[in-house]
Amino acid sequence: MGKRSQHKKPMGLNPTDPESNSKSLRVLITNNKATIVFLVLFTTLIYLNSLNGQFVSDDIPSFRDYDLVRSIPKAFSFLMVQKALHAVSYSLFGLNPIPLHILSLISHILAVLLLFILTSLLFNKKTASFASFLFASHPVNTEAVAWISGFNYIANTIAFLLTAIFFTKFRQTNMNKYYIASLTIYILTAAFIRLPWLITTPFLLLILDFSLSHLKKQQNSKTFLYQTLFFMTALLFTIFMKSSISDRIYYMQASPQTGFAYKPPYFINIPFIIFTQLKTLLFPLQLTLYYPNVTLTKFSFLAMILTTVAYPISALFIYIKNKLLGGVFLMIIASQIITYSPISLASSLADRYLYLATVPFSIFIAFLINKIGYKNKAAAYSICTIVIVLYSLRTVLRNSDWHSSETLAVSHAQINKQDYKVLSDLAQVYAEKKAYSQAIYYYEKARAINADIAEGRYNLGVVYYMLGRVTEAESEFRAAVKLNPNLSEASYNLAVIENDKGNTKEAIELLILSLKANPNSPKAKEALEVISSKEKLKEGN
């Protein structure tokens, strides 16, 4: 008789041996030091040109011009990670954006490494390596990494990855300490990050749990209890944040960003969002902070409907063939459930929202590439290398868009030339550079698109005034005050113009209106005092 064939025990985790798994995370990291070091160097290299970026967009009101970050005690009193980090950065480095960019890069690297660990637990080292490099280099992640204000989306994803890692370990070992760690991380995320997107975590864990059902020792009431505690935490978070969520809903309703020139019916908006999100993940070519409005054709609408219908069917088919892969595939869209809500909590489209979706997307694509490798290793490595190189080049280019307000505005204008916000931002850039003629050109184009935004009319009035076009400036200031009486600067500037014209009574009325909107304005108080004194002297004579 010939020798009995000897099958090598597959390398990886043994889900049936809790004792050997107790050190598996440490062993996994130790055994993959070279890969981890290479991932760190690779991620640093492709984001190196993001470190010299200036404050742009929301960075300006949330850090550069935000008084709260000047005080560590006040910032820490909010018990929010981002505010605390901003205050510490200001205390140590002042108004220097570089430390905050370094923080974002380090956080992204941490997310990459956690993805490697999670994928190693779920699949194998090769799939984990492919997935980590794809996630590290995916261009859609640049908005969260290169933009200081995108930090919370990285932090939320890090928290999810940690939660998922410990939950997976819990299912593999049936050791409660891992479940407690997973739930604790989620509770801390809700307490100190407070990003509405953490509501998606229980849904993602539920999918993961079903995908790991082959590891469960037994089905019992505890299975439902384990999931219920995550959902209860999400519910308590929603109740606690009710006021902030209500404010967010009001803001979104006042300025909807749906991707359409009008607010579409819900049944049209959902296919559009799903189709665009998948397209952006697959082909991240045109990336922008403000996605352009679209006009649907019959063909494009049909494509969106077919994609939306085909996605869950495909997920079910994959799940039947491979539970774990089917779960990962479903997580791509499940991670974006907030954008599908009939109540507007978020813009329909934003690259930073897709940071979390890039996690399951990268794992899914890596699995497919690895599958090809079983039949043709050279083809698999070639495909992976080509994709990573293309992604990396696009990421480096996209990083440069975030260098300054000007480069960001110009990049958006190249994609979306007829969007009010894009034109207004571009005008603001030129106004700050004192290129007033160009600023007026873009402000007027923005006004032609939407003349009912008070801030836009006010900004145009300021530029007119700087060029000595006082009559046109007055017209814009009056339009701004009519649209928003609480815009104190517009009332103040009108008061200055009226006082220069000798209309002191009207100037006084406008200053009172300005102070009603902003009672702490020192220049308005001083102007009211001076003009009132002159008016009294005039009446006395």
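Here, the structure is the one placed above.
Here goes a summary of the coordinates provided. The model shown is predicted, which means the values in this text are computed figures rather than measured ones.

Bringing helix α11 (residues 176-192) into the picture now. Given a rise of 1.5 Å per residue, 17 residues ought to cover 24 Å, and the 24 Å separating the end C-alpha atoms of α11 matches this to within 8%. Among the residues making up α11, those that are buried are Tyr178, Tyr179, Ser182, Leu183, Ile185, Tyr186, Thr189 and Ala190. Angularly, the buried residues of α11 cover 150° about the axis, an arc narrow enough to put them on a single face. Taken from the residues just after α11, arginine 194 is the one with a positive phi, measuring 55°.

With that out of the way, let us pick up a nonpolar patch on the surface. On the surface, Leu79, Val81, Leu85, Leu188 and Phe192 cluster together into a nonpolar patch covering about 380 Å² of accessible area. Where the nonpolar patch is concerned, the elements lending two or more residues are α6 (81-93) and α11. Locating valine 81 in the fold gives a position in helix α6. The exposure class assigned to valine 81 is partly exposed, which follows from its relative accessible area of 32%.

In this model, serine 57 sits at a positive phi of 50°, which is unusual for a non-glycine residue. The phi torsion at asparagine 174 lies on the positive side, around 65°, for a residue other than glycine. With respect to the element layout, asparagine 174 can be found in the loop between α10 (151-173) and α11. The partly exposed category is assigned to asparagine 174, whose relative accessible area is 40%.

A separate point is the pattern of salt bridges. Considering all chains together, one arrives at 15 salt bridges under this definition. In this structure, glutamate 476 engages arginine 447 in a salt bridge whose closest nitrogen and oxygen atoms are separated by 2.7 Å. One end of the pair, glutamate 476, is in helix α24 (residues 470-483); the other, arginine 447, is in helix α22 (residues 436-449), and 29 residues separate them in sequence. We note a salt bridge from arginine 478 to glutamate 474, for which the minimum N-O separation is 3.2 Å.

About the thresholds
Residues numbered from 1 in each chain as written. Predicted model: local features only at pLDDT ≥ 70, side-chain atom pairs only at ≥ 80, totals over all residues. Heavy atoms only, no water. Helix = DSSP H or I, 4+ residues; strand = E, 2+ residues; numbered from the N terminus. Expected span 1.5 Å × (residues − 1). Buried < 20%, exposed > 50% of the residue type's maximum accessible area, 1.4 Å probe, protein only. Arc of directions from axis to C-beta. Patch = residues over 30% accessible without salt bridge, like charges linked within 9 Å, V, L, I, M, F, W, Y side chains within 5 Å. Areas by Shrake-Rupley, 256 points an atom, 1.4 Å probe, with all protein chains shown as cover. Salt bridge = Lys/Arg side-chain N within 4 Å of Asp/Glu carboxyl O.

Structural measurements only, silent on function.
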